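Summary of the model geometry
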Amino acid sequence: MEEIPESETEAGVATMPITARRTAPSVDVCRELEQFLFEEADLLDTWQFDAWLTMLADDIHYWAPVRENLFHRQRKNEMAAPGGSAHFDETREHLAERVDRLKTHQAWAEEPASRTRHLVTNIRVFETDNPDEFEVESSFYVFRTRSERDFDSVVGKRFDVIRRVDDSAYGFQLARRKIVFDMAMLLVKNLSLFY
Amino acid sequence: MDVSDWVDARNGFIRGEIFTSEEVYQAELKNVFARSWVFLAHDSMLKKAGDFIQNYIGEDPVVVVRQADGSVKAWLNQCRHRGMRICRADRGNTRYFMCSFHGWVYDREGSLVQVPHEEEAYAPETFDKADYGPRQVPRLHNYKGFWFGNWDETAPDFEDYIGDFKYILDSHIDRHEGGLEVVGQHRWIIPANWKYNAEQPSNDSYHAETSHASALTVLERSRKKRREEKGEPDNRVSMATRAAAARGKQFSGGFGHGAGWHEMPEGAMRYQAELPATMEWEDSVRDKVEERLDPYRNANRSHANLFPNFMMLANGTMRVTHPRGPNEMEIWAWTFAPAEAPDEVKEEIRVNVLRTFSAAGMFEQDDAENWLEEQRIFRGYMARQDPLVYTMRIGDARRGLGGVPGIIAPSVYADEGARGMYHHWAELMSGDSWDDIARRNAERLAQVPHAEADNSQEI
């Protein structure tokens, strides 16, 4: 089989083509994982944040590095490295704190609450060395409206590790999430919710 | 521009027009931003020759470049040929910058060194490349690692410009021998006038208890839990406790600078982050900081703004708020940590700031909410008629109160910082010369009674 060259188009988030390195699990497993992500999107859109927290593994790392506009020759550094600039760099405890804040109903940026729609697409599922863990990539489009005429969009890609946990409420738990926003300068007033 | 219909800062009289008018905005670019000292870069962003960052003075893009001899130059990021942006990367390292329109090439100093087809295209007797470098920022000053620039040759020197604010600035940036270093950055936009993010750090501790009720509540809850689990000492005064007390002071400087802080009880500390490693490390270096600054400033610091748009918070947030029309600001925020702190302290500070004062920050979001609603309301005609209420503790400030230089209000809840900011803003907007403005500034400061003459205002 002809070797497929590594892509350099999406700097910092380039992944090798699927055939070059990774294998997809069975269609059934892919379906289960897709359903997990759709379920998650629905919980976030309906403000069921306590239920959403049960989808998260205790050791989750929820991370959204900052990206910059760099010269082509320096573009490998476009995404901040772990430990560098980030919009989110959260443990489960941190995320629970954010949820608790929203539940005070005094988090004025979300009181009155936004109405969101998490559209999750372009899902690709890969096996890992651990038979119970899967790498799942997905694109998202979060459209938000609020109050009289506020609206904005946040678009990006997620690189998840999702773990099968049989006795968990949703059958799987999110063990790791890297969120790559498609904006360097954020053209929104805040990131008040979850992606 | 005469702004007296909208601003009489001495009497706490300010109308919404100054936040929405396009005419006011254009005058600000000329009279405020092109005449004031604006933050450009920190030494830790320009470590070696050829390192550069882009920044802005108002709406004017500026490239700041470390030179081969260790000096720094800053120049307008605009090709002289057709006005195109020369450098289109946020930061990097380079020997030359090429304009991607017609290929004019500039070196690190901003000298034009190559023009394609120069011999055929331009007559040598009338065209000298030396005449066509981009406009240099003529005044640059490095204050303890922080680079500031000013377009105006007639403006006061930086140290005269900051005046008494030096006391405040040092309490943020000169605590530790090794200085500060950048550990994070965030950029985002808020659809509201830039002055809100200048006024608030100059002046407004008053909003925190209400605006930030949610964050104060959950962080206090987490802090209590951590204290119980990890046995942290309970003699520490938390953010929530501080916010509930009016005890503190507000600072107003000569040229529009402002600051405020809740005063800690005797022996208590204001930590950069209320997190275990940071508190432990700050306790361990407390003597050194007290010797470098003084015990009062070791314990007390909170929010400040170096006019016009360089804001700083005790948690390590430093940001420059770029104006983008009357209705939008662009926030360029950096997180600074003490360079000599252990890695785990820097990490706590980095994560603490991104979780509280970035676009996803639990405090920041609610500030934006206030500002953009104000902005929207001021579109109305009637909404711009009545003066807003900037009269808190008017007449109560004294020079040097409590041994703090500047015009000091006897409570953290005051509008002295905002009155000082808008007073200077109106002075600049008048278009009068810096000499006249500086003379009137000195006269105004001299009129404020000294604290020794009247200590009755101490609370």
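If you're wondering where the values come from, they're calculated on a predicted model, not measured in any experiment. (Residues numbered from 1 in each chain as written. Chains lettered and ligands numbered in written order. Predicted model: local features only at pLDDT ≥ 70, side-chain atom pairs only at ≥ 80, totals over all residues. Heavy atoms only, no water.)

Turning our eyes to something else, we now look at helix 5 (residues 165-173) of chain B. With eight of nine residues buried, helix 5 of chain B lies mostly within the body of the structure. Phe165, Tyr167, Ile168, Leu169, Asp170, Ser171, His172 and Ile173 of chain B are the residues of helix 5 of chain B that are buried. (Buried < 20%, exposed > 50% of the residue type's maximum accessible area, 1.4 Å probe, protein only. Helix = DSSP H or I, 4+ residues; strand = E, 2+ residues; numbered from the N terminus.)

Moving on, we get to the sheet that holds strand 4 (residues 51-57) of chain B. Residues and elements named next belong to chain B. The antiparallel open sheet is built from four strands, whose spatial order is 6-5-4-7. Where the open sheet ends on each side, the last strands, each with one partner, are strand 6 (72-76) and strand 7 (91-93). Within the sheet, the average angular offset between the axes of one strand and its neighbour, ignoring direction, is 25°. Relative to strand 5 (residues 60-66), strand 4 runs antiparallel, the two being bridged by six bridges. Its bridge partner being in strand 5, isoleucine 53 is matched across the sheet by valine 64. (Pairing = 2+ DSSP bridges. Axes fitted to C-alpha atoms, helices over the stretch in contact; angles between N-to-C directions.)

Turning our attention to the pattern of salt bridges. Here the structure, examined in full by the defined rule, presents 55 salt bridges over all chains. For aspartate 150 of chain A, the salt bridge identified is with arginine 376 of chain B, shortest N-O distance 2.7 Å. With aspartate 150 of chain A in strand 5 (residues 150-164) and arginine 376 of chain B in helix 14 (residues 364-377), this residue pair bridges two chains. Aspartate 436 of chain B is the partner of arginine 439 of chain B in a salt bridge, and the nearest nitrogen-oxygen pair spans 3.4 Å. (Salt bridge = Lys/Arg side-chain N within 4 Å of Asp/Glu carboxyl O.)

This part is about the packing of helix 15 (residues 416-429) of chain B against helix 16 (residues 434-447) of chain B. Residue and element names in this part refer to chain B. Direction vectors running N to C along helix 15 and helix 16 enclose 150°, while the axes themselves pass 10 Å from each other. As judged from the angle between their axes, helix 15 and helix 16 are roughly antiparallel. For the element pair helix 15 and helix 16, the recorded crossing hand is right-handed. Facing helix 15, whose interface residues are His423, His424, Glu427 and Leu428, helix 16 presents Trp434, Ile437, Arg440 and Arg444. The class makeup of the residues in the contact of helix 15 with helix 16 is three nonpolar, two polar and three charged. (Parallel < 35°, antiparallel > 145°, perpendicular 65-115°, else oblique. Left-handed = near helix turned anticlockwise from the far one by under 90°. Contact = heavy atoms within 4.5 Å. Nonpolar A, V, L, I, M, F, W, Y, C, P; charged D, E, K, R; others polar.)

Taken together, the contact between chain A and chain B spans 38 residues of the former and 45 residues of the latter. Around 3,400 Å² of area is buried between chain A and chain B when both sides are counted, 49% of it from carbon and sulfur atoms. The interface formed by chain A and chain B includes nine salt bridges. Mapped by element, the contributors of at least two residues to the side of chain A that touches chain B are strand 2 (86-90) and helix 4 (92-103) of chain A. Tallying contributions element by element places helix 4 of chain A first for the side of chain A that touches chain B, with six residues. Of the residues belonging to the side of chain A that touches chain B, the class tally is 14 nonpolar, 12 polar and 12 charged. (Buried area = accessible area lost by both parts, 1.4 Å probe.)

Let us now look at the layout of surface pockets. Here the second largest pocket defines a volume of roughly 800 Å³. The wall of the second largest pocket is formed by 33 residues, among which Glu68 of chain A together with Ser44, Arg91, Val182 and Gln185 of chain B lie closest to the centre. Elements represented by at least two residues in the lining of the second largest pocket include exactly strand 4, strand 7, strand 13 (180-190) and helix 13 (343-356) of chain B. Top contributing element to the lining of the second largest pocket by residue count: strand 13 of chain B, with six residues. By residue class, the composition of the lining of the second largest pocket is 11 nonpolar, 10 polar and 12 charged. (1 Å grid on protein atoms, 1.4 Å probe; cavity = no way out; pocket = protein on both sides within 12 Å on 5 of 7 lines; lining within 4 Å. Points joined across faces, edges and corners; volume = space filled by probe spheres on them.)

The next subject is the nonpolar core. Counting residues in each nonpolar core, the largest one holds 126 residues, and the members touching the most others are Trp52 and Tyr195 of chain A together with Val7, Leu306, Tyr422 and Trp425 of chain B. With eight residues, helix 2 (residues 27-45) of chain A is the largest single contributor of residues to this core. Among all residues touching valine 7 of chain B, those that are not within four sequence positions of it are Phe13, Ile14, Ile18, Tyr422, Trp425 and Ala426 of chain B. Formed by 16 residues, the second largest nonpolar core is a distinct cluster that contains Val65, Phe97, Trp104 and Phe127 of chain B. (Core = buried A, V, L, I, M, F, W, Y, C linked by side-chain atoms within 4.5 Å.)

This part takes up helix 8 (residues 213-230) of chain B. All names here are of chain B. With 18 residues, helix 8 should cover 26 Å at 1.5 Å per step; its first-to-last C-alpha distance of 25 Å lies within 8% of that length. When we look at burial in helix 8, the residues that qualify are Ala213, Ser214, Ala215, Leu216, Val218, Leu219, Glu220, Arg223 and Arg226. Positive backbone phi, at 65°, marks glycine 231, one or two positions downstream of helix 8. (Expected span 1.5 Å × (residues − 1).)

What follows is about the UniProt feature "domain: Rieske" (unreviewed entry) in chain B. According to UniProt, the feature "domain: Rieske" (unreviewed entry) maps to residues 37-135 of chain B in the numbering used here. Along residues 37-135 of chain B, the helical share is 4% and the strand share 36%, with 17 Å between the first and last C-alpha atoms. (UniProt positions renumbered as here; feature names shortened; annotations may be inferred.)

In this section: the environment of glutamate 373 of chain B. Tracing the sequence through the fold places glutamate 373 of chain B in helix 14. With 182 residues separating them along the chain, glutamate 373 of chain B and proline 191 of chain B place their C-alpha atoms 9.2 Å apart.

Here we take up unusual backbone geometry. Each neighbour pair has its own omega, and for glutamate 111 of chain A with proline 112 of chain A the value is 5°, a cis peptide bond. Mapping proline 112 of chain A onto the fold places it in the loop between helix 4 and strand 3 (115-127). The step from phenylalanine 307 of chain B to proline 308 of chain B runs through a cis peptide bond, and the omega angle for that step is 5°. With respect to the helices and strands, proline 308 of chain B occurs in the loop between strand 16 (303-306) and strand 17 (310-313). Of note in this structure, tryptophan 47 of chain A is not a glycine but carries a positive phi near 60°. Inspection of the secondary structure assignment puts tryptophan 47 of chain A in the loop between helix 2 and helix 3 (49-54). Tryptophan 47 of chain A sits in the partly exposed class, given a relative accessible area of 23%.

For the rest of this paragraph, the subject is the sheet that holds strand 3 of chain A. Residue and element names in this part refer to chain A. On the basis of which strands lie adjacent, the open sheet formed by six strands has the order 2-1-6-5-4-3 and mixed pairing. The open sheet has two edge strands with one neighbour each: strand 2 and strand 3. With strand direction ignored, the average angle separating the axes of adjacent strands in the sheet is 20°. Two strands pair when backbone bridges link them, and strand 3 and strand 4 (residues 133-146) are joined in this way by 11 bridges, in the antiparallel orientation. Counted as the bridge partner of arginine 117 is phenylalanine 143 from strand 4.

Another point: the packing of aromatic side chains. For the coordinates displayed, the defined rule picks out 41 aromatic pairs over all chains. Taking the centre distance of 6.0 Å and the plane angle of 75° together, the rings of tryptophan 104 of chain B and phenylalanine 127 of chain B count as edge-to-face. Note that tryptophan 104 of chain B is positioned in the loop between strand 8 (96-98) and strand 9 (105-107) and phenylalanine 127 of chain B in the loop between helix 3 (118-121) and strand 11 (139-143), a separation of 23 residues in sequence. Accessibility classification places tryptophan 104 of chain B together with phenylalanine 127 of chain B in one group, the buried group. Judged by centre distance (6.1 Å) and plane angle (55°), the rings of phenylalanine 146 of chain B and phenylalanine 310 of chain B are tilted. Of this pair, phenylalanine 146 of chain B sits in strand 12 (residues 146-150) while phenylalanine 310 of chain B sits in strand 17, placing them 164 residues apart in sequence. Judged by its relative accessible area of 1%, phenylalanine 146 of chain B falls in the buried class. For phenylalanine 310 of chain B, a relative accessible area of 1% corresponds to the buried category. These aromatic residues form a ring-pair network of at least three members: Trp47, Phe49, Trp52, Tyr62, Phe88, Phe140, Phe181, Phe194 and Tyr195 of chain A. (Phe/Tyr/Trp six-rings, centres within 6.5 Å; stacked < 30°, edge-to-face > 60°.)

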